[in-house]
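What follows is each chain in one-letter form.
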Amino acid sequence: MLIEARDLSYTYMPGTPFQVEALKKINLGIARGEFVGVIGETGSGKSTLVQHFNGLLKPTGGEMCVEGKNIWHGETNLRKLRSRIALLFQFPEHQLFEETVFNDVAFGPRNLGMSGSEMEQRVRFGLTSMGLDFDTYRDRSPFHLSGGEKRRVAMAGIMAMRPEVVVLDEPTAGMDPVGRRKFMEQVSRLHREEKLTVILVTHNMEEIARLAERLFVFNRGELVLQGQPAEVFKSVSLIKETGLEIPAFSELLQQLRQRGKEVRTDLFTVGDVAGEILKLSREERT
Amino acid sequence: MSGMRSITLGHYLPGNSILHRLDPRAKLMGLLILIAALFLIKTFSGFFYFGLFFVLTFVSSRLPWRYFMRGLKPVLYIVFFTLILHFLFTKGGQVFWRFGPLTIEENGVFLGSFMTLRLILLVITTLLVTLTTSPIAFADGIEFLLRPLRVFRVPGHEIAMMMTIALRFIPTLMEESDKIRKAQMARGADFESGNIFRRARNLVPLLVPLFVSAFRRADDLAVAMESRCYRGGDNRTKMRQQQVTCLDYLGVFTTCGIAAAIVLTGV
Amino acid sequence: MSNSIIETVQLCYEYTLGGEKTLRALDNVSLQITEGEYVCLIGPNGSGKSTLARHLNALLLPAAGDVYVDGLLTGEEKHRWEIRRRVGLVFQNPDNQIVATTVEEDVAFGLENMGIDPPVIRRRVKEALELVGMSTLAQHAPHLLSGGQKQRVAIAGIIAMRPRCLVLDEPTAMLDPRGRREVLATISMLNRQEKVTVVHITHFMEETLEADRIIVMDRGKIACSGTPAEIFSGELDLESLGMDMPAIPALARALREGGLPVPPNTLDVDQLVDYLC
C-alpha cells in the first residue's frame, strides 16, 4: 500500500471543553495508481483524514504510513513528502498570492530548492497539465483570471511539484458545469496518462461514481463503508443515513432490478446505462 | 469541525452566575470603575485587596480556572517583557545585581513588580468581564455607554456594529488563515524555521491571500447588509431591549464602594 | 401585466473594467415574473445571472431600461428601501451574509433596520425560525452551524421581513448533499405554502426540475425559457450553452436516439422506471 492509515484517530483540542473526536480508529489503504473517492457529509472527518496523508495533521492515535513507514517515526522529510503527496484544498484559488501566474505556480518547485530552467520546466509542466498555455498565462496576474482559470492555476501549482499522488478536496465546488467538466477531464487524463494516484473528496455522487475505482464513505468520524462504487451505492439505506445521495443512474437501475428487469447495476455513464436499457428492451421485444 | 479550532482568548462562556446575568452596561461601568481604581492604587496592599475582590468575583462566576488561564497565556509575554524592561532600565536605590553595564536596582524591582501587578490585575479583570458577557451584549453595552459622546460626533452605533462584525468574523478568519497556512505548507512553504526576517518574509504567502479574502468577505457582507435595508443607526430598533434591574444598580454601587475603599486604604 | 411582481424592460448593464473598457453584463433583458411563480435561472459563469439578481432589489441600477418591482421603479431613490423589503436576496456564501453573532440576532437584523417595534421583531423572528426549522438553534453562534443551517438562517432573515419575492443566488453551491436538500426543501415550502415568488439561480441542473419555469442565460441575454420538460426535452443543445443535461433527461434523450420513444417530459427516476416497466 502506498498510503495506509492504521487505527488512525484524531481529536481536535483534546483536554478542553471543545474537544471533538474527528476520526475514530480509521484503517484504510490506497495503492499506487488508484483513483479513489472519499465521500461523507461536511464534518464527517474526510477533510481531517486527507490532511494526515501528507503530514499536515499529526494523528492523536494510531499510525499514518507511506510505503509502509510511519511518517511520524524517524526522519521523514515532511516537505519532501508533501511534494510527493500533494493536497489541493477547497477553493484553492484563495491560496494564490504572487503577482504573476508563473511565480505562483513556481512557489512549490522553488520551495523544493529549484531555480532557473529546471523550475521553468516544472511551471510549464504544471500549466500544460491543466490545459493552460504557458506563454499565454505566465505573465498574467492570477487575481485577474476567471474563477475556473484561477482554480486550474492553483492546481497547476500543485502539479508543478510533480507529485505521485494528488489529494483533491472538493476541487469543483462552486464551479459552473463547463468549468467542472473541464477540470475533471484534466484530472482523469492525468490519472490515465501520467499514472497519477488521485484521491478525490467530493459531494458530487454522479461524478465520483463515474470516476473512482474505489470509494470510502465517512460518517461522524468513522469509515462506514468502502468498495467499488457499484457495491457502495447498493447500500441505499446506509448511504442515505450518512446524509449522502445515490446517483440517479444507480437508483434507476436498482429500481428496475427490483421490478424484475435483468439489468446490471454497476453502470454510471449515460452511454452505458442507455446501452443497457436499449439491450433490455430489444431482448424483451424478441 | 474546523470551527472548533477558533477558540480565541476572551471567548465568551455561557453561564448563569450573577456576573453572567448582570446587564452588560452595569458590567462595563463596573469595569471602568475598577480600571480607574487600579490606576489610583499606590500601594501593594491596595493590590492585595483588589486581588481578593477579584478572587471572590471569579469564584462566584463559576468559570473553569483552566480555561481562564488559557485565555491569559498570550498576555503573559507582554507582562514578562514589562517586568524585564523595568528591572533593567529603571535606576535608583540600592544595586542588587551587576553584570558589565547591566544593573538591577531597587527602584527597578519595585516599579517593575508594581507595574506588572497592575497590568495583570487589569487584564484578568477585563478577561473576567469578556468571558461572562456575550459579544452581542458587550457591543450593545458599548453603544449605550458611547451615547453621551454623540455630541462630540463619536459614532457609537458604528463602533458597536464594527465590534459585532469583528466578533462575528474572527472565528471565520481564524479558520481561513489555518486553511491557507496548510495549503501553502502543502506546497512546501515553511513557517517554522529561519531567523525573524526570513520568517517575516515567509508570511507573505499567508498574509496576501488572507487580506484578499478579508476584503472579499467585507465586500460580500456590505452588499448583503445593504440588501437587508441597513442604512446606519438612525431609526434603527433593537430586538433585545436590555432591562436594568435592582441587581445591576446593586452591582455598580457595590463595585464603586469597594473600589473607593481599596483606593482610600492605600493612600 | 397586472399580476407580474417583477418586470424588466430592455434592461442593460455594463461593468467598467478600468479605463475605457467595459463589459456588457446584461443586454436588453426583458422578463416578467408572475406572482407566486418559481423561476430557475441557469447559465454559465459570466452569463449575467448574478447581475440580473442584483437588479431585482435595486442593489444595482440599470444603465439602460427599467426594472419594476410590484410596480415600483427601482431607479427611483424613494422606493429603494421598500423594494429591498419586498425582494430579499440570499447569496452563495453563507459565511459572508450573516452579520450577527447569534442566529436570532441575525434574523432580526433586517427588521431592526426597518425600525420595527421590538415585540413585533421578536415575534417575527420566532415565526421565521420556525418556518425554516431552526428554532432550537436560535441562540447558537453562526460559525458553529453547518452550511445548510447557515443558509436557512440567511433565508429566515429575509423571510422575517415578509418579502413578496425571494431571489437566491446559487444558495446551494457550497453545501453538501444534506445541506442542499434542506435548503431546497425550504425554498419549495416557502413557494408552495407561503406563496412567496422565488427566483433561484443555480448550477445544479437537478435542482431546476421542480421549477415552474427555467430561464437560460447566455452572455447577458436570455437564450431561452420554458418549463423543465421543454428545456430538458433534448431539443435544445444545452451543452453548447455551457450547461448540462440532468442525468435522467440526458438518459431519456439517449434512449430516444436509440429508438426507444421515451416521452420528453420524463424528468426523474420514478417517471422513467414507470415508463420502462
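Along each chain, residue indices are assigned from 1 in the same order as the chain's sequence is written. A letter from A marks each chain and a number from 1 marks each ligand, given out in the order of writing. Local features in a predicted model are, by the rule used here, given only for residues with pLDDT of at least 70; side-chain atom pairs are given and counted only at 80 or more, and totals for whole chains, interfaces and linings are based on all residues. Excluding hydrogens and water, the side-chain values take into account all heavy atoms of the structure.

(A) Spatial organisation of the interface of chain B and chain C. Between chain B and chain C, the residue contacts involve 31 residues of the former and 39 residues of the latter. When the buried surface of chain B facing chain C is broken down by residue, R168, R228 and M239 of chain B rank first, second and third, together holding 29% of it. Put simply, a salt bridge is a Lys or Arg side-chain nitrogen that is within 4 Å of an Asp or Glu carboxyl oxygen. Connecting chain B to chain C are 6 salt bridges. Among the salt bridges present, the one from D106 of chain C reaches R228 of chain B, with a minimum N-O distance of 3.4 Å. What qualifies as a polar contact is a pair of N or O atoms within 3.5 Å, subject to a donor-acceptor requirement within protein and to the restriction that residues adjacent in sequence count only when both atoms come from side chains. Linking chain B with chain C are 16 residue pairs in polar contact (both at pLDDT 80 or more). Residue contacts are defined here by distance: any two heavy atoms, one from each residue, within 4.5 Å place the two residues in contact. Once two parts are put together, the accessible area they lose, assessed with a 1.4 Å probe and summed over both, is termed the buried area.

(B) Inspection of the sheet that holds strand 6 (residues 85-88) of chain A at higher detail. Residues and elements named next belong to chain A. DSSP-based pairing: two strands are paired if at least 2 bridges between them are found. By definition, any uninterrupted DSSP run of H or I lasting at least four residues is a helix, any uninterrupted run of E lasting at least two residues is a strand, and each is numbered from the N terminus. Taken together, the 6 strands give an open sheet; going across it, the order is 6-7-8-3-9-10, and neighbouring strands pair in mixed fashion. Each edge of the sheet is formed by a strand with only one pairing partner; in this case those strands are strand 6 and strand 10 (222-227). Taking each pair of neighbouring strands and ignoring which way they run, the sheet shows an average axis angle of 15°. Between N-to-C directions, angles span 0 to 180 degrees; the directions come from axes that are lines fitted to C-alpha atoms, helices contributing only their stretch in contact. Strands strand 3 (35-40), strand 6, strand 7 (165-169), strand 8 (197-201) and strand 9 (214-219) of the sheet are contacted by helix 1 (residues 46-53), whose axis makes an angle of about 155° with strand 8. In this fold helix 6 (residues 147-159) packs onto strand 6 and strand 7, with an angle of close to 165° to the strand it touches most, strand 6.

(C) The arrangement of the pattern of salt bridges in detail. Residue and element names in this part refer to chain C. Under the counting rule described, the total for this entry stands at 54 salt bridges over all chains. The shortest N-O distance in the salt bridge between R164 and D70 comes to 2.5 Å. Of the two residues, R164 is situated in the loop between helix 5 (147-159) and strand 7 (165-169) and D70 in the loop between strand 4 (64-69) and strand 5 (72-73); the sequence distance between them amounts to 94 residues. Given the relative accessible area of 28%, R164 is considered partly exposed. Under the scheme applied here, a residue whose accessible area is under 20% of the maximum for its type counts as buried, over 50% as exposed, and between as partly exposed, the area being computed with a 1.4 Å probe on protein chains only. Note on D70: relative accessible area 21%, which makes it partly exposed. In the salt-bridge network here, residues are joined through shared partners; they are E35, D70, E82, R85, R86 and R164.

(D) View of the sheet that holds strand 9 (residues 213-218) of chain C. Residues and elements named next belong to chain C. One open sheet accounts for 6 strands, arranged 6-7-8-3-9-10; its pairing is mixed. Lying at the two open borders of the sheet, with one neighbouring strand each, are strand 6 (87-90) and strand 10 (221-226). The mean angle between the axes of side-by-side strands here comes to 20°, regardless of whether they run parallel or antiparallel. Across 5 bridges, the pairing between strand 7 and strand 8 (residues 197-201) is parallel. Looking at the pairing, D169 lines up with I201 of strand 8.

(E) Just the nonpolar core, in detail. Residues I3, L28, F53 and I199 of chain A together with F68 of chain B are the most contacted members of the largest nonpolar core, which totals 71 residues. The leading source of residues in this core is helix 5 (residues 106-132) of chain B, at 7 residues. Those residues within four positions of F53 of chain A in sequence are excluded, and the remaining contacts are I3, L28, I30, M64, V66, L81, I85, V167 and I199 of chain A. What makes a nonpolar core is a set of buried Ala, Val, Leu, Ile, Met, Phe, Trp, Tyr and Cys residues whose side-chain atoms join them at distances within 4.5 Å.

(F) Quick peek at the side chain of E143 of chain B. Residues and elements named next belong to chain B. Structurally, E143 is set in helix 6 (residues 135-146). Given a relative accessible area of 15%, E143 falls into the buried group. There is a polar contact of 3.4 Å between the side chain of E143 and the side chain of H157. Apart from the residues lying within four places of it in its own chain, the contact partners of E143 are G156, H157, A160 and K238.

(G) Quick look at the packing of aromatic side chains. Residues and elements named next belong to chain B. Any two of the Phe, Tyr and Trp rings considered here, Trp counted by its six-membered ring, make a pair once their centres fall within 6.5 Å; the pair's planes then place it as stacked at under 30 degrees, edge-to-face at over 60, or tilted in between. The full count for this structure, using the stated rule, is 15 aromatic pairs over all chains. Between F58 and F68, the ring centres sit 4.9 Å apart and the planes meet at 65°, which makes this aromatic pair edge-to-face. Here F58 is found in helix 3 (residues 44-61), whereas its partner F68 is found in helix 4 (residues 65-89), with 10 residues between them in sequence. A relative accessible area of 4% places F68 in the buried class.

(H) Spatial organisation of the confidence of the model for chain B. Every residue carries a pLDDT, the predictor's confidence in it, which falls somewhere between 0 and 100. Model confidence for chain B is summarised by a mean pLDDT of 85, while 96% of its residues fall at 70 or above. Predicted complex metrics record ipTM = 0.91 and pTM = 0.85.

(I) Local environment of the interface of chain A and chain B. Every contact between the two is made by 29 residues of chain A and, on the other side, 25 residues of chain B. Each partner contributes to the roughly 2600 Å² buried at the junction of chain A and chain B, and carbon and sulfur atoms together form 68% of this total. Together, F18, H94 and F97 of chain A form the three largest contributors to the area buried by chain A at its contact with chain B, with a combined 23%. Where chain A touches chain B, the interface holds 2 salt bridges. Linking D190 of chain B and R79 of chain A is a salt bridge whose minimum nitrogen-to-oxygen distance equals 3.2 Å. Here chain A is connected to chain B by 7 residue pairs in polar contact (both at pLDDT 80 or more).

(J) Layout of a nonpolar patch on the surface. Residues qualify for a patch when their relative accessible area is over 30% and they have no salt bridge, like charges being joined within 9 Å and the nonpolar side chains of Val, Leu, Ile, Met, Phe, Trp and Tyr within 5 Å. Here the accessible surface of atoms and residues is derived via Shrake-Rupley with a 1.4 Å probe, and residues count as covered only by protein chains that are part of the display. Together, F96, W97, F99 and L102 of chain B line one region of the surface with nonpolar side chains, adding up to about 450 Å² of accessible area. Topologically, F99 of chain B is positioned in strand 1 (residues 95-99).

(K) Region of interest: the packing of helix 3 (residues 103-113) of chain C against helix 4 (residues 118-131) of chain C. Residue and element names in this part refer to chain C. Contact pair helix 3 / helix 4: the axes reach a minimum separation of 9 Å and the direction vectors enclose 120°. Compared by their axis directions, helix 3 and helix 4 come out oblique. Crossing angle aside, the handedness with which helix 3 passes helix 4 is right-handed. Every residue of helix 4 that contacts helix 3 at V103, E104, V107, A108, L111 and E112 is listed here: I121, R124, V125, A128 and L129. Here the contact of helix 3 with helix 4 is composed, by residue class, of 8 nonpolar, no polar and 3 charged. Any angle that falls under 35 degrees is termed roughly parallel, while one over 145 is termed roughly antiparallel, one within 65 to 115 roughly perpendicular, and all others oblique. Rotating anticlockwise by less than a right angle from the far helix to the near helix defines a left-handed crossing, while the corresponding clockwise rotation defines a right-handed one. We call Asp, Glu, Lys and Arg charged. Ala, Val, Leu, Ile, Met, Phe, Trp, Tyr, Cys and Pro are nonpolar, and the rest, Gly among them, are polar.

(L) Spotlight on the pairing of strand 1 of chain B. Residue and element names in this part refer to chain B. With 4 bridges connecting them, strand 1 and strand 2 (residues 102-105) associate as antiparallel partners. The partner of W97 across the bridge, within strand 2, is I104. The antiparallel hairpin formed by strand 1 and strand 2 contains 2 residues in its connecting segment, where G100 sits at a positive phi of about 60°.

(M) How the structure looks around helix 3 of chain B. Residues and elements named next belong to chain B. The terminal C-alpha atoms of helix 3 lie 25 Å apart, and with 18 residues this matches the ideal 26 Å at 1.5 Å per residue to within 8%. Among all positions in helix 3, only G46, F47, F50, G51, F53, F54, T57, F58 and S61 are buried. The buried residues of helix 3 occupy an angular sector of 165° when the element is viewed end-on, so they sit on one face. Along helix 3, exposed side chains directed more than 90 degrees from the buried face belong to F48, L56 and V59. R62 lies just past helix 3 and shows a positive phi near 60°. Helix span is expected to be 1.5 Å times the residue number reduced by one. Of all possible arcs, the one meant is that of the directions from the helix axis to the C-beta atoms.

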